[in-house]
Amino acid sequence: MTPLQQLLAGALVLYVLWRFTRSFSVKSPVDNIPGPQSDSYITGNMKNILGPDRWAYEKALVQQYGRLFKFYGLFNAKWLYTYDPRALHSIYVKDQDVFEENDVLLSSFMTTLGPGLLATVEQQHRRQRKMLNPLFSAKHLREMTPIFNGIINKLQEAIATRVKAGTEEIDVLGWMGRTALELIGQGGLGHSFDPLTEDVADEFADAVKAYFPVLQQLELPRMLLPKLVKIGPAWFRRKVVELIPYAPLQRILQISNALHSRSLQIYNEKKEALAKGDEALKQQVGEGKDIMSVLLRANMAASEDDRLPDEEVIAQVSTLVLAAMDTTSNALARILHLLSENQDMQQKLREELIRARDDGTGKLRDLDYDEVMELPYLDAVCRETLRRYPPVSVLMREVRKDAVLPLSAPIRGLDGQELHSVPVTKGMRVLTDIIASNCSPELWGPDADAWRPERWLEPLPKALEDAHVPGVYSHLMTFIGGARACIGFKFSQLEMKVVLAALLPAFRFAPTGRPVHWNAAGVAYPSAGRHSRKPEMPLRVTLL
């Protein structure tokens, strides 16, 4: 080991010893809260909560301990786990300044993407969101729909050339990922990454696709990142990272470099076109209607207090792509997987889409924004999939100052007393379970775990409406709520519906006979079997 590596190793050992001693000597206000025993003095319950079988583990904990319980984080820190509706409202809406995005995630995004929407908090985040909000409005998405339809028609053509013999096995996940990247590329950045009709390698696209899987490999080391980013200047930290012989760390460094380089290139191209006037923008991909072009125009016209500095605008490029790509493409893959296993539902949806797209001569036309968004069974299929299988299943928040977390109904402490609220202290983490909220039998009824799109065509349970779940979308926590709710949830909905509206009338999707396994990760993804970690989802696709 070099002297620098020895110094770093020694510092790490001292830090671990300090945290280990502290976990036994400091009392916590949540000591009276029930929960599982720690699995490890170092990692607490985190290996199971972040592990590949996390869904089964978390469901067992929820069934045993209910709407709120204590668990052990890194170095046996006492943290909370909840899906209680009133607690969620406090965390995401009422007291969102107390329960801020956790510093592990903020540090990860800041170091790899820069100061974009995912990496900022408080006034800086609010300023960015104020500038970006109008770009995700229904009005703007109506203008984007023809661009979306053009991309999806290319997708349909590309798949058709591969199944022209009748039926072929196709990696549907791969195609959904390519399509999602091109949709956010043209619609979000005014930049084309993939012609779809031919296979073209792209370093930025490869970096985007690899980002979350590589970040998942660094899950436990990332817990130390908030402390490490405070050590020395950025150039020093970068040099230290380059010296660490750990493959996932070196890969994330390469990914970050690739993302920044292309983001800077796209930003400069847009800025140059903007300087030449509207006619130059119209000649570009997106015709000046894309989010980045509109953002740059709005930013130039904004007051000095509201204007975003260049580094924040550049950071939005990678941020928008990463936030939009895996979540939506994997949700689309999940829908097609479920429809392949439920042929009657697939056919019912296909018939609805063909009726809507019929131009009166037997040919199929493209649907506009309002038409595709208002189809009842298409909407039900999308909502039910996002309810039962949210792409992101858990989120963590960090307590910024001492507070009290209210509960919708009391829980019983270890001392037998009823607790109507729980004290939380600065630095504590609170994990919120999106799946448990979306699939609570108390709110959704005894079939809450079933994937049943028809539930959205029926009156929703009164208990659900009375619970006031604070999600921004359909009583669901899938896109969370409050000031950090997913800014692009309408963009994502449109994307999913336009893709399904084009593909289902043209193709039939069926299982291959081999199992598809969904892996628990930062964003859930499928693989061909339980023991594979390669993101892919082969289905049999038949040209109709």
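Residues numbered from 1 in each chain as written. Predicted model: local features only at pLDDT ≥ 70, side-chain atom pairs only at ≥ 80, totals over all residues. Heavy atoms only, no water.

Colleague: Mind laying out the nonpolar core, listing which residues take part and the relevant values?
Modeller: Residues Leu80, Ile159, Met176, Tyr211, Leu259 and Phe509 are the most contacted members of the largest nonpolar core, which totals 160 residues. Sorting elements by how many residues they give to this core places helix α15 (residues 310-341) first, with 15 residues. Excluding residues that lie within four positions of it along the chain, Leu259 makes contacts with Leu113, Phe204, Ala207, Val208, Tyr211, Ser318 and Leu322. (Core = buried A, V, L, I, M, F, W, Y, C linked by side-chain atoms within 4.5 Å. Buried < 20%, exposed > 50% of the residue type's maximum accessible area, 1.4 Å probe, protein only. Helix = DSSP H or I, 4+ residues; strand = E, 2+ residues; numbered from the N terminus. Contact = heavy atoms within 4.5 Å.)

Colleague: Tell me about helix α22 (residues 489-503), and please be specific about residues and values.
Modeller: Here α22 is 15 residues long and its end C-alpha atoms lie 21 Å apart, about the 21 Å a rise of 1.5 Å per residue gives. Most of α22 sits inside the fold, with 14 of its 15 residues counted as buried. (Expected span 1.5 Å × (residues − 1).)

Colleague: Lay out the sheet that holds strand β5 (residues 394-399) in plain terms, naming residues and giving numbers.
Modeller: Taken in spatial order, the 5 strands line up as β1-β2-β8-β5-β3 in an open sheet, and their pairing is mixed. The open sheet has two free edges, formed respectively by β1 (68-72) and β3 (99-101), since each of these has just one partner strand. In this sheet, adjacent strand axes meet at a mean angle of 35° when their direction is disregarded. The sheet contact formed by β1 and strand β2 (residues 78-82) spans 5 bridges and is antiparallel. By the bridge assignment, Phe71 is partnered in β2 with Trp79. Where helix α3 (residues 54-65) meets the sheet, it contacts β1, β2, β5 and β8 (429-433), and its direction lies at approximately 130° from that of β1. (Pairing = 2+ DSSP bridges. Axes fitted to C-alpha atoms, helices over the stretch in contact; angles between N-to-C directions.)

Colleague: Requested: an account of the pairing of strand β9 (residues 507-510), with residues and values cited.
Modeller: Where burial is concerned, the two faces of β9 differ: the one with Phe507 and Phe509 is buried and the one with Arg508 and Ala510 is not. The pairing of β9 with strand β12 (residues 538-543) spans 4 bridges and is classified as antiparallel. Of the residues in β12, the one forming a bridge with Phe509 is Val541.

Colleague: I'd love a proper account of unusual backbone geometry, names of residues and values included.
Modeller: Positive phi outside glycine occurs at Glu122, with the angle close to 50°. Of note, Glu122 is situated in helix α6 (residues 122-132). Of the residues examined, Glu122 reaches a relative accessible area of 48% and is grouped as partly exposed. Positive phi is not limited to glycine here, since Leu196 has a value of about 70°.

Colleague: Now, about the sheet that holds strand β4 (residues 167-171): what can you tell me, with residues and values included?
Modeller: The strand order across the open sheet formed by 3 strands is β4-β12-β9, and the pairing between neighbours is antiparallel. Only two strands of the sheet have a single partner each, and these edge strands are β4 and β9. Here the strands of the sheet are splayed against their neighbours by 35° on average, with no regard to which way each runs.

Colleague: Which residues make up empty space enclosed by the protein, and what are the values?
Modeller: Leftover empty space is mapped by rolling, across the atoms, a probe with the size of a water molecule. For the coordinates displayed, the defined rule picks out 5 cavities of 30 Å³ or more. Each pocket or cavity is described by its volume, and for the second largest cavity that value is around 90 Å³. Considering the residues around the second largest cavity, the lining is formed by Asn149, Ile152, Asn153, Arg357, Arg365, Asp366, Leu367, Val372, Val498, Ala501 and Ala502. Secondary-structure elements contributing two or more residues to the lining of the second largest cavity are α7 (138-162) and α22. (1 Å grid on protein atoms, 1.4 Å probe; cavity = no way out; pocket = protein on both sides within 12 Å on 5 of 7 lines; lining within 4 Å. Points joined across faces, edges and corners; volume = space filled by probe spheres on them.)

Colleague: Any chance you could break down the packing of aromatic side chains for me, citing the residues and the numbers?
Modeller: All chains considered together, the criterion is met by 13 aromatic pairs. Taking 6.2 Å as the distance between ring centres and 55° as the angle between the ring planes, the aromatic pair formed by Tyr473 and Phe489 counts as tilted. Pair noted here: Tyr473 is in the loop between α21 (462-467) and α22 and Phe489 is in helix α22, with a separation of 16 residues, a long-range link. Tyr473 sits in the buried class, given a relative accessible area of 4%. Accessibility expressed as a relative area gives 14% for Phe489, which makes it buried. Aromatic pair Phe479 and Phe489: ring centres 5.6 Å apart, planes at 45°, arrangement tilted. Here Phe479 is found in the loop between α21 and α22, whereas its partner Phe489 is found in helix α22, with 10 residues between them in sequence. With respect to burial, Phe479 and Phe489 carry one shared label: buried. (Phe/Tyr/Trp six-rings, centres within 6.5 Å; stacked < 30°, edge-to-face > 60°.)

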